[in-house]
Amino acid sequence: MIEKTYQPAEIEGRMSRAWENAGAFKAGRPERRDAEPFTIVIPPPNVTGSLHMGHALNNTLQDILCRFERMRGRDVLWQPGTDHAGIATQMVVERQLMERKEPNRRDMGRAEFLDRVWQWKAESGGTIVNQLKRLGASCDWSRERFTMDEGLSRAVAKVFVELYNQGLIYKDKRLVNWDPKLLTAISDLEVQQVEVKGNLWHLRYPLEGVSFDPDNPATFIVVATTRPETMLGDTAVAGNPDDERYRHLVGKNAVLPLVGRLIPIVADEYSDPEKGSGAVKITPAHDFNDFEVGRRHSLPSISVLDQEARLTLSANEDYLRGLPEAALILAEELEGKDRFVARKLIVAKLEEAGFLDKIEPNTHMVPHGDRSGVVIEPYLTDQWYVDAKTLAEPAIAAVRSGETVFVPKNWEKTYFEWMENIQPWCISRQLWWGHQIPAWYGPDGRVFVAETEDEAVGRALGYYVEQGVITPEQGEAMARDAARRDGFITRDEDVLDTWFSSALWPFSTLGWPDDTTDVERYYPTNVLVTGFDIIFFWVARMMMMGLHFMKDVPFPTVYIHALVRDEKGAKMSKSKGNVIDPLHLIDDYGADALRFTLAAMAAQGRDIKLSTQRVEGYRNFATKLWNASRFAEMNGCALPDGFDPSSAQETLNRWIAHETARATREVTEAILAYRFNDAAGTIYRFVWNVYCDWYLELAKPVLMGADSPAKAETQASIAWARDEILKLLHPFMPFITEELWAVTGKRDGLLALAEWPLKPQPDMLATAIAATAMSGDPLAMPVVVPPLPEIEQFSDPAAEAEIGWLVELISSIRSLRAEMNIPPATLFPLVLVGASDDIRARAQRWSDVMKRLARLGDISFADRAPDGSVQLLVRGEVAAIPLKGVIDLAAEKARLGKELAKADADIARVDAKLGNAKFVANAPEEVIDEQREKREEADSRRTKILEALERLKDIG
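Residues numbered from 1 in each chain as written. Predicted model: local features only at pLDDT ≥ 70, side-chain atom pairs only at ≥ 80, totals over all residues. Heavy atoms only, no water.

**A look at the environment of Ala 799**
Consideration 1: Tracing the sequence through the fold places Ala 799 in helix H30 (residues 797-819).
Consideration 2: Those residues in contact with Ala 799, other than ones at most four positions away along the chain, are Thr 651, Arg 654, Trp 655 and Gly 804. (Helix = DSSP H or I, 4+ residues; strand = E, 2+ residues; numbered from the N terminus. Contact = heavy atoms within 4.5 Å.)

Structure follows, in structure tokens:
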């Protein structure tokens, strides 16, 4: 029996246990061994993470697909797991050590520290997994993986070694994003651009061969910089080749202020004539753009900062050699100073010597570490790199050929822009937590790369015995005793970028390279659902690795979902205080309400503006379904064995079967095309409007009447339609639907494993996507799935024509009543004009219902509309409502006139704002969108008011 009140908190835990106990989400279930597989790999959340709204959206959409395909009979594998999150996890544990006043990691030592990290992972690392389960994620949790699992670690080692042996992994000295607090290279994704109010320093660089005079511009060239502290590492000055101010100086030398070193003046398009002075200093060791300029002009790279971003010149003997005494004194004074302290000192020295031309305020973006919060330093250092350009070529070709398509398609443009301008991928990190690079060094620095230490040591010792560096006896002793080779053969201390192991996720989680049974069944996966921000960092790298090692794309479809923003359209951030916690929403409204909200708003290519009011609204939707199911139960609605809706005799029951079939088809087509919002909208309208508001309402007279064949048929039809609703709604709202499925009938199995109401051809989506990819349509065009093939499905146009007419007629009369401000207690007559025999018969059959629901006093027929009546056109039939004397025409016209004036004023107010170029240029994007929405709402209101005024003309 259904409980009186819908309480999601009481249902969710019970349903989760039921699914788990039944192994409902396990891939490879015995009855599905021969079924077509359907595979999705979860974007592995950080093991340190907690569920945020992006996770909630991403996993809701994946779960809809998995539950949908599971109900279609496929062998579904939704592969779960978490990422070891190198920097984040190491920081969490280091912070814990500090809070507990325990030795830091360096005092503790690598082995003991890593033991502590594993201990933390065992105690706290499962938080986000449990939160995903609360959301209803139907992953095969028995297969949960971790990027540092033993098996995945072997996959990482194998891939590294093979790429190294193929010349696709190498070591190089290049600029990286360096975090001077965490003392490691970091990826671009871990760099946050922060707007800073700083300065632009204009510096005078003397020209060679002339006597410097700060009052004579002919004796110097002015360069503009935001970073005077790096000037000691300048190796050139650049001007744009089209800039006539500096063209005559190209090929000459400038004298580096304070140092006296000669540096060339070069022509390079990187220099922007409109920015600053038009000339820039080139510091290849401390700026990414300068590094490329340096390569183009064969300039040396001089590093003047250490790993902690302190000025240092003492280690660079070549730099110091030949400098004048004053420069050496300055170098000594600056040695070890923090970069920002050094900046002040250098600017003061420049000003004192006459080299400072002027200082301009300058607001600009400065890179910060998202974890450390400190300014990131471009730093020249030896790191391991992947030849991403070579690996990218097949990945680019796969998307161009349509082997993999993006939904929405416009994201392919972003993918190509990144991939076609790809740089070497820095994969080494100066951390302890992560996959330690499988490279060992001999005493002469020679590198030995191997999957295991034993293999590397064996090769190294063999090499040094052969070279005569050690004797065979020493080699044998070192091979037996690790302590004896300590210091002779050492392992690279760095670990791999977290994205390296994540790039292998679609096949390493399936057992590769140890066991390829599951790889053969579940690879390639069917679709990847992810956010746009990691197209390059993750999607592209999975494409590269999948094609290289599996010789096939990892997924034929990449669905890119949008951002979840606050209700005003602003990006959520802790600093703004507008972050909405999905767990709080689940506590307050239930997981089903949150899931349905996200799905209903997930229009392709459009960000979600989330408000708690929307979630509350869909909680009300769940309550509506609950109450409708209770109503059915209380009225004896149960599904008898063998009931066939197509054999129903009552027009109303044949109509609901027809509408159910139509909704089923529309929901199926929408899910297949990744139009989650359309699917949710269809099921919402069907449940709320068609089933609850109309079908149950129209069935009440029969249910409340005496027992009869019509009543028994209606009770069965209500129960049947309810069950179809539970099936269609289950992928979106799994908890409430599973609960109602369990308590509304005698059933053997779970709804999660029940059969979907419509089973289209399994290759339908692939065909549709391939057709779209090859069509040459604009990039912005979303995937459009053609209509499903003709599948035998119930249809009764005659029943739809009758009940559809009835519903639209009553709805039109209700709308008119609302427009004209006519209270419900006021009854008025309805005249059906020129009605055919069929319409007359319908009206007579449903007259009691029409009078009750439309609040009519009488229903009659006439050849022409009475004077003073409003005419409604419903499916080609004219319905007239005499309103003369029913309403006060003058008062109603005055009321509508005021409403029209208010709408016009609202439109004018918004147009004034949007017509103000300064407002449009300076207002945040979400504010502009809000104004446009206000205008749309006011315009819609105005249209309805004008229609109402037009109707009044017919009366008076």
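**Observations regarding the sheet that holds strand E6 (residues 184-186)**
Consideration 1: If you walk across this open sheet you meet the 4 strands as E6-E5-E14-E16, and the pairing is antiparallel. Taken across any chain shown, the strands that pair with only one partner, and hence form the sheet edges, are E6 and strand E16 (425-426).
Consideration 2: The pairing of strand E5 (residues 169-179) with E6 spans 3 bridges and is antiparallel. When the sheet's bridge partners are listed, Asn 177 is paired in E6 with Ile 186. (Pairing = 2+ DSSP bridges.)

**Let's talk about the packing of helix H26 (residues 676-703) against helix H32 (residues 847-854)**
Consideration 1: Two elements in contact, H26 and H32, have axes separated by 10 Å at closest approach and are oriented at 125°. Between H26 and H32, the angle is such that the two are oblique. At the point where H26 passes H32, the crossing takes the right-handed sense. Of the residues in H32, those in contact with Trp 694, Glu 697, Leu 698 and Pro 701 of H26 are Val 849, Arg 852 and Leu 853.
Consideration 2: Grouping the amino acids of the contact of H26 with H32 by side-chain chemistry returns 5 nonpolar, no polar and 2 charged. (Axes fitted to C-alpha atoms, helices over the stretch in contact; angles between N-to-C directions. Parallel < 35°, antiparallel > 145°, perpendicular 65-115°, else oblique. Left-handed = near helix turned anticlockwise from the far one by under 90°. Nonpolar A, V, L, I, M, F, W, Y, C, P; charged D, E, K, R; others polar.)

**Observations regarding the pairing of strand E1 (residues 37-41)**
Consideration 1: With 5 of its 5 residues buried, E1 lies for the most part within the structure.
Consideration 2: Burial along E1 is two-sided: the residues Pro 37, Thr 39 and Val 41 and Phe 38 and Ile 40 are all buried.
Consideration 3: Summarising the sheet, E1 and strand E2 (residues 75-79) pair through 5 bridges and their orientation is parallel. Following the sheet pairing, Phe 38 is matched in E2 by Val 76.
Consideration 4: Tracing the backbone out of E1, into helix H2 (residues 53-71) and back to the parallel element E2 gives a crossover that is right-handed. (Buried < 20%, exposed > 50% of the residue type's maximum accessible area, 1.4 Å probe, protein only. Right-handed = clockwise from strand over helix to strand, strands pointing away.)

**Remarks on the packing of aromatic side chains**
The geometry of an aromatic ring pair is captured by the separation of the ring centres together with the interplanar angle, meaning the angle of the planes.
Consideration 1: Across all of its chains, the model carries 41 aromatic pairs by this definition.
Consideration 2: Measuring from centroid to centroid gives 5.1 Å for Trp 178 and Tyr 379, while their planes differ by 40°, and the two rings are tilted. Note that Trp 178 is positioned in strand E5 and Tyr 379 in strand E14 (residues 377-386), a separation of 201 residues in sequence.
Consideration 3: With a relative accessible area of 10%, Tyr 379 lands in the buried category.
Consideration 4: Here the aromatic residues Phe 596, Tyr 618, Phe 621, Tyr 684, Trp 688 and Phe 732 are joined through ring pairs into a cluster of three or more.
Consideration 5: Looking at Arg 747, its charged tip hangs above the ring of Trp 741, at a distance of 3.9 Å from the centre. (Phe/Tyr/Trp six-rings, centres within 6.5 Å; stacked < 30°, edge-to-face > 60°. Lys NZ or Arg CZ within 6 Å of the ring centre and 35° of its normal.)

**Considering the environment of Tyr 170**
Consideration 1: Checked against the element boundaries, Tyr 170 lands in strand E5.
Consideration 2: By relative accessible area, which is 27% here, Tyr 170 ends up partly exposed.
Consideration 3: For the pair Tyr 170 and Asp 338, spaced 168 residues apart in sequence, the C-alpha to C-alpha distance is 32 Å.
Consideration 4: In this view, Tyr 170 contacts Gln 383, Trp 384, Tyr 385, Val 386, Asp 387 and Pro 424; residues no more than four positions away in its chain are not counted.

**Describing the pattern of salt bridges**
Consideration 1: The final tally for this structure, using the stated rule, is 60 salt bridges.
Consideration 2: For the salt bridge of Glu 162 with Lys 158, the shortest nitrogen-to-oxygen distance reads 3.0 Å. Taken together, the residues Glu 162 and Lys 158, both in helix H7 (residues 150-165) and 4 residues apart, mark about one turn of the helix.
Consideration 3: Exposure remark for Lys 158: the relative accessible area of 21% places this residue in the partly exposed category.
Consideration 4: Arg 845 is the salt-bridge partner of Glu 802, the closest N and O atoms lying 2.6 Å from each other. (Salt bridge = Lys/Arg side-chain N within 4 Å of Asp/Glu carboxyl O.)

**Comments concerning the side chain of Arg 485**
Consideration 1: Mapped onto the secondary structure, Arg 485 falls in helix H17 (residues 482-485).
Consideration 2: Ignoring sequence-local partners within four residues, the contact set of Arg 485 consists of Glu 453, Val 457, Met 478 and Ala 479.

**What about the side chain of Arg 817?**
Consideration 1: Within the secondary structure, Arg 817 sits in helix H30.
Consideration 2: Within the local environment of Arg 817, its side chain forms a polar contact with the backbone oxygen of Thr 826, the two atoms lying 2.8 Å apart. (Polar contact = N/O pair within 3.5 Å; in protein donor to acceptor, adjacent residues only side chain to side chain.)

**Quick look at the sheet that holds strand E13 (residues 356-369)**
Consideration 1: Reading across from one edge, E8-E7-E13 is the order of the 3 strands in this open sheet, with antiparallel pairing throughout. Of all strands in the sheet, those bounded by a partner on one side alone are strand E8 (220-225) and E13. In this sheet, neighbouring strand axes are inclined to one another by 20° on average, regardless of whether the strands run parallel or antiparallel.
Consideration 2: Bridge count between strand E7 (residues 191-206) and E8: 6 bridges; the pairing is antiparallel. When the sheet's bridge partners are listed, Trp 201 is paired in E8 with Thr 225.

**Let's talk about helix H15 (residues 453-466)**
Consideration 1: Given a rise of 1.5 Å per residue, 14 residues ought to cover 20 Å, and the 20 Å separating the end C-alpha atoms of H15 matches this to within 8%.
Consideration 2: Buried within H15 are the following residues: Ala 456, Val 457, Ala 460, Leu 461 and Tyr 464. Seen end-on, H15 carries its buried residues on one side only, within an arc spanning 125°. Turned more than 90 degrees from where H15 packs its buried face, Asp 454 and Glu 466 sit exposed.
Consideration 3: In the core, the buried residues of H15 are packed alongside strand E18 (439-441), strand E19 (447-449), helix H16 (472-480) and H17. (Expected span 1.5 Å × (residues − 1). Arc of directions from axis to C-beta.)

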